[in-house]
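# Report on the structure
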There are 4 protein chains.
Amino acid sequence: MCRWIAYRGERTAFEHYVTEPEHSLVTQSLRALESTAGTNGDGFGLGWYGDHPEPGLYRETRPAWSDENLRYLCRHLHSHLFFAHVRAATGTAVTRQNCHPFACGRWLFMHNGFVGSWNRLRRKVEAMIPDALYPSRLGTTDSEAVFLAIVGAGIDKDPIGATSTVLRALCQLVNEDGLSEHLRFTSALSNGHDLYAFRFAANDHANSLYYREDGDQVIAVSEPYDKESDWIEVPPDHVLVARASRRAEIVPLLVAGSVGFEAERKRSQRVIGRI
Amino acid sequence: MCRWIAYRGERTAFEHYVTEPEHSLVTQSLRALESTAGTNGDGFGLGWYGDHPEPGLYRETRPAWSDENLRYLCRHLHSHLFFAHVRAATGTAVTRQNCHPFACGRWLFMHNGFVGSWNRLRRKVEAMIPDALYPSRLGTTDSEAVFLAIVGAGIDKDPIGATSTVLRALCQLVNEDGLSEHLRFTSALSNGHDLYAFRFAANDHANSLYYREDGDQVIAVSEPYDKESDWIEVPPDHVLVARASRRAEIVPLLVAGSVGFEAERKRSQRVIGRI
Amino acid sequence: MCRWIAYRGERTAFEHYVTEPEHSLVTQSLRALESTAGTNGDGFGLGWYGDHPEPGLYRETRPAWSDENLRYLCRHLHSHLFFAHVRAATGTAVTRQNCHPFACGRWLFMHNGFVGSWNRLRRKVEAMIPDALYPSRLGTTDSEAVFLAIVGAGIDKDPIGATSTVLRALCQLVNEDGLSEHLRFTSALSNGHDLYAFRFAANDHANSLYYREDGDQVIAVSEPYDKESDWIEVPPDHVLVARASRRAEIVPLLVAGSVGFEAERKRSQRVIGRI
Amino acid sequence: MCRWIAYRGERTAFEHYVTEPEHSLVTQSLRALESTAGTNGDGFGLGWYGDHPEPGLYRETRPAWSDENLRYLCRHLHSHLFFAHVRAATGTAVTRQNCHPFACGRWLFMHNGFVGSWNRLRRKVEAMIPDALYPSRLGTTDSEAVFLAIVGAGIDKDPIGATSTVLRALCQLVNEDGLSEHLRFTSALSNGHDLYAFRFAANDHANSLYYREDGDQVIAVSEPYDKESDWIEVPPDHVLVARASRRAEIVPLLVAGSVGFEAERKRSQRVIGRI
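Residue indices begin from 1 for each chain and proceed along its sequence in written order. Going through the entries in the order they are written, you letter the chains from A and number the ligands from 1. Local features in a predicted model are, by the rule used here, given only for residues with pLDDT of at least 70; side-chain atom pairs are given and counted only at 80 or more, and totals for whole chains, interfaces and linings are based on all residues. The basis for every side-chain value is the complete set of heavy atoms in the structure, and neither hydrogens nor water enter the calculation.

In the nomenclature of an unreviewed UniProt entry, chain A is known as Glutamine amidotransferase, class-II of Bradyrhizobium oligotrophicum S58.

What follows is the structure in structure tokens.
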């Protein structure tokens, strides 16, 4: 179980959300140790947009809580749109290249979830990455492979459509040969202007996804980082869409072929009706 | 709270005690995450004796659970006397030089504890290190400084006496100016033949110390790593002494000047009476 | 240009060959900095055989010359057959998983060379790895992919044959579409009993390979580490074979399909005639 | 021999000076490998000033040339005053805490030089750090100890005076007992507004120091990073002073008590006469 936060809004220093007491991802990550969630000590990462045409990345293998550089960078880096992620590895090595976020062109991606039986399915998922993007395959995680497949499926034209296409293919893979491998996909995606956050699962419960909106500011999180009441849960099979200078909205994620697609769709409609 | 294990006995691969399921320090360290003890993710270390006149050291800043090298080394390194330690830092940096065990000449030392108000007392503790040993001050921890002070106090002639001398000086330091800084000292010390493990505190509860004996084998631990009944608790203000080829024995650690010395001494006598 | 050494002989501590002054890989690596060869500061690794059925590995991303652990390990690790490698990366990331040697089952492999246009050919080389071995693809280097392909081509039955088969396929790849990509392959391979060292290139000069034999001891190196006269050069398109308890011999490596195969074969015959 | 660059001027991205081809510290560091200067592969660091009252720091132990984060940070971090440093260790460990620059309050410091016989003199130099600053002693280098001594000697009131005071005390130390230990001190110091760069040595040649001025921009370097003709050498026993919004000037550094003070003073007068 990884934890992440995606911020869009006024240009701000990362420290308020990533490293400062009480309201930070690092603090939450440490608190998580004492609860049910296990540690997030297998590396971490920051991704952000600035003046440079490509996003910035800072990824480290040591635990976020003991990285002196992180404290300095979160004081000095400012952005209108940034991602932060603390990793709990699910089988792949602890290398910088396996830490989130991942960058490709203008796009950033980070993920809490997994493709079940990755050792068996890895090759088939990697085959979904177009040749032209394969040199961008720097690590060995399921998350990076899924991201590059999404980029290759037409992310620039239609990010939600490209994601749906890839999830549909993944659903087929995990259900091949009569098996029902687990697939969890709670992720954030951005091009520096628009922020998308997905909540999806096949053959499994979907990892949580929440957001909060305040004026132009939208914060999406894998789990709420405080107990205030204004966190809104995104239902399974749905996408949070926060386009540049527009209000956030929640739209269904149509991935036909998912086992439990109909049931989840019905449940999510009931849930969304309550929000 | 660090965790450690010291082994003396038949020459064996470290893996049975350090990395293998159920009976290992690494596993215990991960289990600790889910309980009260917090994480031990701030580096780890191995120290051992072999054919070379000086002990070996392997210290790393990443968490023990994600170090691939550790698994290989624990399979292939064998010794009749080795230390393993997982660290939870108490304020000093996560560097290899701050990871336990520490080595000086033939001696190895590792520690679970701290000198209270280290920032204020550090200079005075460092002043207890003789000039000739100061080049061996590679890191910045209280533990390393205390170890080098013990080496300088005559460790080769009388390890327990040298330790008592240094603890007595530390007790004076923590009680200077009417203050009662905490001091905890649960540690292991060896010259490759004899194994010593200390349990001591001033102005505070002593961190736990247990051991188990089976023939020539003696295993001392900061905390038991299984629920079997044959762990023996070492009482506060006492030392476990396991000299080469001799049975383990528990002897009092006489550190006059410790606040609560008398009370602890009485309590420990009651406790040791129950063992 | 990486540098490596492979040792087979009396059980010995690694330090004489890896870390000690004048006769060590680390020293040579540092000396290389001052000469023409560039730095080998992109990580290093040790691989060795002991009592455990699988070989040991120690791989680190920091330069060998500043790794305190390496000095201790090379004093305390002993083996009758070990590999040591210092890396100069040729485009792939500096991670432990990309450092040599690589292990698979009982086999160890290390390499000085490259597959030209790796970004373009990578996918095709990875396709040569059988499904069953693909989970062992932990990194992203050309070297690891080629090794796993060799393992999959029947390494247990015929290591030289399996290597020839893979080199033949690589020659086809680098010559596809009328291109003549460079391919250099100077490598060492062992199962813990037998030591093989290959020198091969297509469309390029072959990286150097030397060895020295003294009784049961055989040392193969990418470059001689001293100026003594008894280093024997292995000619291009040849293999050094040092089977357990047998004298070393040099045999031709038949890789039909290599551009320049005939010319190289003739040249190497002249060279081998002079040895 | 470390290498460093200090920039003061228009707010700019670091990449033009630190990572980009031809005109960068990283490139120069790699080129240095092929020449006489040895490698600078023992870590590196950035220090800079931004909106936050304290400067930022990014320090890493891996070689600058293989750090992916560095490339991203140098694209995205902007400052009107920043330091960059690549380290060649002179005996102390490769840890982040031993990498330059060092920060204390608003001050940044970096250094190319050393205190001779550091193991013998270390304790006496550390004694020059006031108690209140001793908790800022995070590493074990001579450079950090000298910096903290300078801070303690009244850096806020008179940075050049404080530096002279400490250098005078160091000269006494290196000349104690009739010895003539080497002392080299080519360093940069800033409070975020003013930039100072010192060139000094006792019993030794002074490491080089150059600068270039263009309008409000002042760049000071340990060695020129291109062959253009407008680099001005700062003579030994002199300081480059570039106060906020003022032209750079070179002033003598008066450190009475230095052996060779008179000779150096005369030589430097001749040199400065030629500039």
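This is not the end of the story, as more comes after the structure.
## Examining the sheet that holds strand β10 (residues 217-221) of chain D
Quick reminder of the rule: When DSSP locates at least two bridges between a pair of strands, those strands are taken to pair. A helix here means a DSSP run of H or I that spans at least four residues, while a strand means a run of E at least two residues long, and both kinds are numbered starting from the N terminus. Two residues form a contact once any of their heavy atoms are found within 4.5 Å. Working convention: axes come from line fits to C-alpha atoms, limited for helices to the stretch in contact. Angles between N-to-C directions cover 0 to 180 degrees.
On the basis of which strands lie adjacent, the open sheet formed by 7 strands has the order β3-β2-β4-β1-β10-β9-β11 (chain D) and antiparallel pairing. Every other strand in the sheet has two partners, leaving β3 (56-60) and β11 (232-233) of chain D as the edge strands with one partner each. Relative to strand β4 (residues 78-86) of chain D, strand β2 (residues 44-48) of chain D is paired through 5 bridges, and the arrangement is antiparallel. Bridge assignment links W48(D) to a residue of β4(D), and that residue is F82(D). Each of β2 and β3 of chain D touches helix α3 (residues 68-76) of chain A; the most contacted strand, β3(D), lies at about 145° to it.

## Focus: helix α6 (residues 159-175) of chain C
Residue and element names in this part refer to chain C. Note the following rule: Here, expected helix span is obtained from the residue count minus one, scaled by 1.5 Å. For each residue, the accessible area found with a 1.4 Å probe, counting protein chains only, is set against the maximum for its type, and the residue is called buried under 20%, exposed over 50%, and partly exposed in between.
A rise of 1.5 Å per residue sets the reference length of α6, with its 17 residues, at 24 Å; its end C-alpha atoms lie 24 Å apart and thus fit the reference within 8%. Along α6, 12 of the 17 residues are buried, which leaves the element largely enclosed by surrounding structure. Buried within α6 are the following residues: P159, I160, A162, T163, S164, V166, L167, L170, C171, L173, V174 and N175. Immediately beyond the C-terminal end of α6, within one or two residues, lies D177, with a positive phi of roughly 60°.

## What to know about the interface of chain B and chain D
Where the parts come together, the accessible area they lose is often given as the size of the interface. The condition that has to hold: Once two parts are put together, the accessible area they lose, assessed with a 1.4 Å probe and summed over both, is termed the buried area. When residues are sorted by character, Ala, Val, Leu, Ile, Met, Phe, Trp, Tyr, Cys and Pro go into the nonpolar class, Asp, Glu, Lys and Arg into the charged class, and all the rest, Gly among them, into the polar class.
Of the residues lining the interface, 17 residues belong to chain B; the matching set on chain D comes to 17 residues. Counting the surface lost from both chain B and chain D, the interface buries some 1300 Å², and carbon and sulfur atoms represent 43% of this. It is R122(B), R123(B) and Y134(B) in chain B that bury the most area against chain D; as a group they hold 46% of the surface buried on that side. Of the residues that constitute the side of chain B that touches chain D, the class distribution is 7 nonpolar, 5 polar and 5 charged.

## Focus: the relation of the copies chain B and chain D
Our working definition: A least-squares fit on C-alpha atoms brings the copies together, and the residues used are those whose pLDDT is at least 70 in both copies.
Under the fitted operation, chain B is carried onto chain D by 0.0 Å of movement along the axis and a turn of 180°, and the coordinates agree to an RMSD of 0.0 Å. In the structure described here, the two chain copies are related by an operation that fits a two-fold rotation axis. No C-alpha of chain B approaches the rotation axis more nearly than that of T95(B), which lies at 3.2 Å. Taken together, the interface assignments show that 100% of the residues at the interface of chain B recur at the interface of chain D, consistent with an identical surface on both copies.

## A closer look at the packing of aromatic side chains
Any pair of aromatic rings gets described here by the distance separating the centres and the angle formed by the planes. All names here are of chain B. Condition: Only Phe, Tyr and Trp rings take part, Trp by its six-membered ring, and two of them pair if their centres are within 6.5 Å. Stacked means planes under 30 degrees apart, edge-to-face means over 60, and tilted covers everything else.
Here the structure, examined in full by the defined rule, presents 42 aromatic pairs over all chains. Between F185 and F198, the ring centres sit 5.9 Å apart and the planes meet at 55°, which makes this aromatic pair tilted. Of this pair, F185 sits in strand β7 (residues 183-190) while F198 is found in strand β8 (residues 195-202), placing the two residues 13 residues apart along the sequence. Judged by relative accessible area, F185 falls into the buried class, the value being 1%.

## A closer look at unusual backbone geometry
H100(C) connects to P101(C) through a cis peptide bond whose omega is -5°. Within the secondary structure layout, P101(C) lies in the loop between β4 (78-86) and β5 (102-104). A positive phi angle is found at D237(B), which is not glycine, with a value near 60°. Looking at where D237(B) falls in the secondary structure, it is placed in the loop between β11 (232-233) and β12 (238-242).

## With respect to the packing of helix α5 (residues 142-152) of chain C against α6(C)
Residue and element names in this part refer to chain C. What counts here: In this scheme, roughly parallel covers angles under 35 degrees and roughly antiparallel covers those over 145, while 65 to 115 is roughly perpendicular and the rest are oblique. Should the near helix be turned counterclockwise from the far one by less than a right angle, the crossing is left-handed, whereas a clockwise turn marks it as right-handed.
Look at α5 against α6: their axes get within 8 Å of each other, and the N-to-C directions meet at 125°. Judged by the inter-axis angle, α5 sits oblique to α6. Between α5 and α6 lies a crossing of right-handed hand. From α5, V146, A149 and I150 reach across to α6, where they touch A162, T163, V166 and L170. When the residues that make up the contact of α5 with α6 are grouped by side-chain class, the tally is 6 nonpolar, 1 polar and no charged.

## Overview of the sheet that holds strand β1 (residues 3-13) of chain C
Pairing in this open sheet of 7 strands is antiparallel, and the strands run β3-β2-β4-β1-β10-β9-β11 (chain C) from one edge to the other. Looking at the sheet topology across the chains shown, the edges are occupied by β3 (56-60) and β11 (232-233) of chain C. With respect to the sheet, helix α3 (residues 68-76) of chain B is in contact with β2 (44-48) and β3 of chain C, its orientation differing from that of β3(C) by roughly 145°.

## A closer look at the relation of the copies chain D and chain A
Once chain D has been moved 0.0 Å along the axis and rotated by 180°, it coincides with chain A to within an RMSD of 0.0 Å. The share of interface residues of chain D whose copies in chain A are also at the interface is 100%, consistent with both copies meeting through the same surface.

## Points about the pairing of strand β10 (residues 217-221) of chain A
Residues and elements named next belong to chain A. Among the 5 residues in β10, 5 count as buried, and that is most of the element. Alternating residues of β10 divide into Q217, I219 and V221 and V218 and A220, and every residue in both groups is buried. Pairing analysis gives 4 bridges linking strand β1 (residues 3-13) to β10, with the strands arranged antiparallel. Note that in β10 the partner of Y7 across the bridge is I219. The hairpin turn running from strand β9 (residues 210-214) into β10, its antiparallel successor, is 2 residues long, and G215 in that turn takes a positive phi close to 65°.

## A short note on the interface of chain D and chain A
Operational definition: Definition used for salt bridges: Asp or Glu carboxyl oxygen within 4 Å of a side-chain nitrogen of Lys or Arg. The term polar contact refers here to a pair of N or O atoms within 3.5 Å; inside protein, the definition further demands a hydrogen-donor-capable atom paired with an acceptor-capable atom, and it admits residues adjacent in sequence only when both atoms are side-chain atoms.
On the chain A side, the residues contacting the 24 residues of chain D number 24 residues. Taken over both partners, the interface formed by chain D and chain A buries close to 2100 Å², and the fraction arising from carbon and sulfur atoms is 47%. In this assembly, chain D and chain A are joined by 8 salt bridges. Among the ionic pairs, R96(D) bridges to E60(A), the shortest N-O distance being 3.1 Å. In this assembly, chain D and chain A are joined by 20 residue pairs in polar contact (both at pLDDT 80 or more). Residue assignment for the side of chain D that touches chain A shows that the elements contributing at least two residues are β3 and α3 (68-76) of chain D. Residue contributions to the side of chain D that touches chain A peak at 6 residues, all from α3(D).

## Some points on the confidence of the model for chain A
All names here are of chain A. Heads up, the condition is: pLDDT runs from 0 to 100 and stands for how confident the predictor is about each residue.
Confidence along chain A averages 88 in pLDDT terms, with 87% of residues attaining 70 or more. pLDDT under 50 marks residues 33-37. Its contacts with residues more than four places away, or in other chains, come to 9 contacts. Note that residues 271-275 has pLDDT below 50 and, in this model, 7 contacts with residues that lie over four places away or in other chains. Here the predicted complex scores 0.90 on pTM and 0.88 on ipTM.

## Some thoughts on the packing of helix α4 (residues 118-126) of chain B against helix α5 (residues 142-152) of chain B
Residues and elements named next belong to chain B. Relative to each other, α4 and α5 sit at 20°, their axes nearing to 10 Å. Accordingly, the angle class assigned to the pair α4 and α5 is roughly parallel. The way α4 lies across α5 gives a crossing that is left-handed. For the pair α4 and α5, the contacting residues are W118, V125 and E126 in the first and D142, A145 and V146 in the second. When grouped by side-chain class, the residues that make up the contact of α4 with α5 number 4 nonpolar, no polar and 2 charged.

## Considering the pairing of strand β10 (residues 217-221) of chain B
Judged from the 5 bridges that link them, strand β9 (residues 210-214) of chain B and β10(B) form a sheet pairing that is antiparallel. Residue Y210(B) lies in a different strand from β10(B), and its bridge partner there is V221(B).

## Quick word on the environment of D230(C)
Residue and element names in this part refer to chain C. Along the polypeptide, D230 turns up in the loop between β10 (217-221) and β11. We classify D230 as partly exposed; its relative accessible area is 37%. In this structure the C-alpha to C-alpha distance between D230 and E213, which are 17 residues apart in sequence, comes to 8.4 Å. Beyond its immediate chain neighbours, meaning those up to four positions away, D230 contacts Y211 and R212. At 3.0 Å, the side chain of D230 and the side chain of R212 are in polar contact.

## Points about the pattern of salt bridges
Tallied over the entire structure, the rule returns 76 salt bridges over all chains. In this structure, E223(A) and R3(A) form a salt bridge, with 3.1 Å as the shortest nitrogen-oxygen distance. Of this pair, E223(A) sits in the loop between β10 and β11 (232-233) while R3(A) sits in strand β1, placing them 220 residues apart in sequence. Note on E223(A): relative accessible area 24%, which makes it partly exposed. As a salt-bridge pair, D216(A) and R8(A) come within 3.3 Å of each other at their nearest N and O atoms. Placement of D216(A) in the loop between β9 and β10 and of R8(A) in strand β1 is noted, with a sequence separation of 208 residues between them. In this structure R8(A) comes out as buried when scored by relative accessible area, which is 4%. Where salt bridges share partners, they join E60(A), D67(A), E68(A), R96(A), E60(D), D67(D), E68(D) and R96(D) into one cluster.

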